[in-house]
Amino acid sequence: MSASGGTKAIVAALGANLAIAAAKFVAFAFSGSSSMLAEGVHSLADSGNQGLLLLGGKKAKRAATAEHPFGYGRERYIYGFLVSIVLFTIGGVFALYEGYEKIHDPHELDNWYWPVGVLVFAIIAEGFSFRTAIKESNELRGQQTWAQFVRRAKAPELPVVLLEDFGALVGLVLALGGVGLTMATGDGVWDGIGTMCIGALLVLIALVLAAETKSLLLGEAAGPEQIAKIRAAVVDGTVVTRVIHMRTLHLGPDELLVAAKIAVQHDDTATEIANAINAAEARIREAVPIARVIYLEPDIYNEATAAAGTDPSKTPGGE
């Protein structure tokens, strides 16, 4: 996995979640808090999710084969999508069910100091993990807002860890609120309400992750800045005079396919065109290093022919 995959953030989140999950289950055993049980399952699910992300990163490194000539880069998207499913089912739906049961059959908490102590510890540990994810993300985010970064990031790992850690911190606050209100009122319904809120939050985050990773699985084009760099790199003004139309596709977070029809002069020789194409490919790779697979088709530009074929104005990456 490349640095852009946020391996450091994943490992930090995995370590934090394993420790937190163990502490939460101990607190549930001593207190009977449904919020603690839901949070324990949540942390356990998160630990499994980080394991899936690491596994996806490892599998994505496999070399291309005859059956998969473009490699296995999209494995990272598949495992990112699996994470959203695990978070939705094991984390969100379980918490909603546990909260519903607790509201219908409430009981007071035993040994309240166990859940409170564990929640404070968990907030500190999750805060450390969240800080690591933010630091890793800031190296790639640039001028984008956080919402834009989650929406546009081509590597699924960092958005997943960011949303998981954010959801975990908010969930911990909700759990602390539910436990606190149960202690203050003596009514265990509040613990169940806190658990329901945690479940709703996890379901919402899982749906956002599922939507984003689905888009990546379907195949996303390069960003506007990358497309502009590619277009500028293709044209040399001598042999290659313009890009008639172009398609780009992410084969993985760190691998981009570029396919373009380029305009050349009608009296250029085959050798001149071949040399121009080779030079254009070199310029593209220098401008956008992740452009690993490049196909350039030479053609004689004619406005009537272009209008009869693919309309450049309606073609992503076209003029």
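Scroll up to find the structure.
Residues numbered from 1 in each chain as written. Predicted model: local features only at pLDDT ≥ 70, side-chain atom pairs only at ≥ 80, totals over all residues. Heavy atoms only, no water.

Enquirer: Quick question: what am I supposed to make of empty space enclosed by the protein here?
Expert: Remark: the empty space left among the atoms is shown by a probe the size of a water molecule rolled over them. Per the stated rule, a full pass over the model turns up one cavity of 30 Å³ or more. Looking at the largest cavity, its volume works out to about 70 Å³. If you go around the largest cavity, the residues you meet are Val150, Ala153, Ala155, Pro156, Pro159, Val160, Leu209, Glu212, Thr213 and Leu216. Put simply, the parts of the chain that give the lining of the largest cavity at least two residues each are α6 (157–185) and α7 (189–218). (1 Å grid on protein atoms, 1.4 Å probe; cavity = no way out; pocket = protein on both sides within 12 Å on 5 of 7 lines; lining within 4 Å. Points joined across faces, edges and corners; volume = space filled by probe spheres on them. Helix = DSSP H or I, 4+ residues; strand = E, 2+ residues; numbered from the N terminus.)

Enquirer: How do you make sense of the packing of helix α1 (residues 7–31) against α6 when you look at a structure like this?
Expert: Pairs of packed helices are described in terms of their axes, by the angle between the two and the distance that separates them. It is the contact of α1 with α6, at a shortest axis distance of 10 Å, that shows an interaxial angle of 30 degrees. Here α6 runs roughly parallel to α1, going by the angle between their axes. Regarding α1 and α6, the two cross each other, and that crossing is left-handed. Between α1 and α6, the contacting residues are Ala9, Ile10, Ala13 and Lys24 on the first element and Glu157, Leu158, Val161, Asp165 and Leu172 on the second. Looking at side-chain class alone, the contact of α1 with α6 contains six nonpolar, no polar and three charged residues. (Axes fitted to C-alpha atoms, helices over the stretch in contact; angles between N-to-C directions. Parallel < 35°, antiparallel > 145°, perpendicular 65-115°, else oblique. Left-handed = near helix turned anticlockwise from the far one by under 90°. Contact = heavy atoms within 4.5 Å. Nonpolar A, V, L, I, M, F, W, Y, C, P; charged D, E, K, R; others polar.)

Enquirer: Can you walk me through the packing of aromatic side chains in this structure?
Expert: By the definition in use, this model includes three aromatic pairs. Aromatic side chains Phe30 and Trp114 sit 4.4 Å apart centroid to centroid with 10 degrees between the ring planes, which places their arrangement in the stacked category. Placement of Phe30 in helix α1 and of Trp114 in helix α4 (residues 113–141) is noted, with a sequence separation of 84 residues between them. The exposure class assigned to Phe30 is partly exposed, which follows from its relative accessible area of 41%. Over the ring of Tyr72 we find Arg62, and its NZ or CZ is 3.9 Å from the ring centre. When the ring centre of Trp146 is taken as origin, the NZ or CZ atom of Arg141, which lies over that ring, is 4.0 Å away. (Phe/Tyr/Trp six-rings, centres within 6.5 Å; stacked < 30°, edge-to-face > 60°. Buried < 20%, exposed > 50% of the residue type's maximum accessible area, 1.4 Å probe, protein only. Lys NZ or Arg CZ within 6 Å of the ring centre and 35° of its normal.)

Enquirer: I tried to follow the pairing of strand β1 (residues 240–252) on my own but got confused; where do I start?
Expert: Across a regular strand the side chains alternate sides, sitting on one face of the sheet and then on the other. By the bridge criterion, 10 bridges tie β1 to strand β2 (residues 255–264) in an arrangement that is antiparallel. Across the sheet, residue Thr248 finds its bridge partner in β2, namely Val258. Connecting β1 to the next strand, β2, in antiparallel fashion are two residues. (Pairing = 2+ DSSP bridges.)

Enquirer: Explain the side chain of Arg141 here, please?
Expert: Mapped onto the secondary structure, Arg141 falls in helix α4. For the buried Arg141, no salt bridge exists, and the shortest N-O distance to an oppositely charged side chain is 12 Å, to Glu139. At a separation of 2.7 Å, a polar atom in the side chain of Arg141 contacts the main-chain carbonyl oxygen of Gln144. Excluding residues that lie within four positions of it along the chain, Arg141 makes contacts with Trp146 and Phe149. (Lys, Arg positive; Asp, Glu negative; His and termini not counted. Salt bridge = Lys/Arg side-chain N within 4 Å of Asp/Glu carboxyl O. Polar contact = N/O pair within 3.5 Å; in protein donor to acceptor, adjacent residues only side chain to side chain.)

Enquirer: Help me understand the pattern of salt bridges in this model?
Expert: Charged atoms that come close allow side chains of opposite charge to pair. Scanning all chains against the criterion turns up 10 salt bridges. Note that Glu297 and Lys261 form a salt bridge whose closest N and O atoms lie 3.8 Å from each other. In this pair, Glu297 is assigned in strand β3 (residues 291–299) and Lys261 in strand β2, connecting sequence segments 36 residues apart. Across the pair Glu281 and Arg285 runs a salt bridge whose closest N-O atoms are separated by 4.0 Å. Taken together, the positions of Glu281 and Arg285, both in helix α9 (residues 270–287) and four residues apart, correspond to about one turn of that helix. The class for Glu281 is buried, based on a relative accessible area of 17%. For Arg285, a relative accessible area of 35% corresponds to the partly exposed category. Through salt bridges with shared partners, a single network forms among Arg151, Lys154, Glu212 and Glu220.

These figures capture arrangement, not role.
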